[in-house]
Structures are given as C-alpha cells and as structure tokens.
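What follows is each chain in one-letter form.
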Amino acid sequence: MAKGKAAAKDEDKGNRSIVRNRKARHEYEVLETIEAGVALVGSEVKSLRDGKVSLVDAYAEVRGGELWLVGADIAIYVFANQFNHDPRQRRKLLVHKQEIRKLDTKTREKGLTLVPLELYFKNGKVKALIGLVKGKRQYDRRDAARKRDQAKDLAEQLG
C-alpha cells in the first residue's frame, strides 16, 4: 500500500493536467503560447486537485502592468468553511514583466486575445497555459471540420 502512495506522489511531482479548454482550440487559432504560474489560496488548490474547475468563457487580461485570469470558475471547496474563496474572482498570473509588456502590445495593436488553454500541475505548482489567439471565422471552422472528417474517412479506408 505504501508503494501506491509513493507512486501517486511521484505522479503529482510531474506534469498532471487539471482541465483543458477544448472550446478555445475550436473557436480560435492559437498563434503563441506562454506558461504562467497562478497565484491561488489554499482552498482553490484543493478544489483544483479535485478537478472542480471550468475555463469556459475565461480569458486573461493585462491590467495595471499585471496579467490576470478572469472568468475561470474554481468551485468552492466544501471543507474550507469560512476560509473559502470566491469562485469567479480574478486570479493573478505570474509572468515576467517583459513578457507582459509584449503580450499587452500584441493584444492592443492586432486585436488578439489571451485565452487559457489548460491548467495543470508542474512540480507541485499550478500552471496555466495561456494562448495568444485570433478568432476563427465561420468558414475556417467549417474547413477545419471538413479536413478532420476527411482524415477520419481516410483512416477508416486504410485500416
């Protein structure tokens, strides 16, 4: 039994995905990605370990020279009682100042958006994969679906 617990701890030390924003990859074209740390309180981390999080309608924004995660819904941790957190609060993303400035200029000039693509544990810390994205047009989405269907049909015919 002790071996099972040790294996679980080793798995937690590596990369372990918490949640992926699949809708974002469907609706946006990802131009660039950046890894950011997430500043959280204890009850938020406990909820993340339980997998109770949603990135639907979440985005990142630069405000006051800092990068913030807005709209991510981390559920209330049942056992935290009065020390619980607000599920929809803004959370600070930890990124170098020069990267924040670069992202800020890109989002202001070119009309691009910052969207969280994934939350995961890396060496016991919660990290967010933030994508610099451009919205896909309706015909781009249909084209991507057509290509996916063609690849699936080809795979069926071959195998």
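The rules we used
- Residues numbered from 1 in each chain as written.
- Predicted model: local features only at pLDDT ≥ 70, side-chain atom pairs only at ≥ 80, totals over all residues.
- Heavy atoms only, no water.
- Helix = DSSP H or I, 4+ residues; strand = E, 2+ residues; numbered from the N terminus.
- Salt bridge = Lys/Arg side-chain N within 4 Å of Asp/Glu carboxyl O.
- Buried < 20%, exposed > 50% of the residue type's maximum accessible area, 1.4 Å probe, protein only.
- Phe/Tyr/Trp six-rings, centres within 6.5 Å; stacked < 30°, edge-to-face > 60°.
- Lys NZ or Arg CZ within 6 Å of the ring centre and 35° of its normal.
- Pairing = 2+ DSSP bridges.

Caption draft 1: Spatial organisation of unusual backbone geometry. For Asp-57, which is not glycine, the phi torsion reads 65° and is therefore positive. One non-glycine residue, Asn-123, adopts positive backbone phi at about 55°. Secondary-structure assignment places Asn-123 in the loop between strand 8 (113–122) and strand 9 (125–135).

Caption draft 2: Examining the pattern of salt bridges more closely. Per the stated rule, a full pass over the model turns up 11 salt bridges. Glu-61 serves as the salt-bridge partner of Arg-63, at 3.1 Å between the closest nitrogen and oxygen. Residue Glu-61 is classed as buried on the basis of its relative accessible area of 18%. A salt bridge links Asp-143 to Arg-146, with the shortest nitrogen-to-oxygen separation between them at 2.8 Å. Placement of both Asp-143 and Arg-146 in helix 5 (residues 138–158) is noted, with a separation of three residues, approximately one turn of the helix.

Caption draft 3: Here's a closer look at the packing of aromatic side chains. One pass over the full model with this rule turns up one aromatic pair. With a centroid separation of 5.7 Å and an interplanar angle of 70°, the aromatic rings of Tyr-77 and Phe-79 are classed as edge-to-face. If you follow Arg-49 out to its NZ or CZ, it ends over the ring of Phe-121, 4.5 Å from the centre. Stacked on the ring of Trp-68, the Lys or Arg Arg-90 has its end atom at 4.4 Å from the ring centre.

Caption draft 4: Local environment of the pairing of strand 8. Among the 10 residues of strand 8, eight are classified as buried, and the element is accordingly described as predominantly covered. When strand 1 (residues 15–20) meets strand 8, the two strands line up antiparallel, connected through five bridges. Bridge pairing in strand 8 links Arg-20 to Glu-118. Looking at chain direction, strand 8 and strand 9 are connected through nine bridges and run antiparallel. Following the sheet pairing, Leu-114 is matched in strand 9 by Leu-132. Here strand 8 folds back onto strand 9, and the loop between the two strands holds two residues, one of which, Asn-123, carries a positive phi near 55°.

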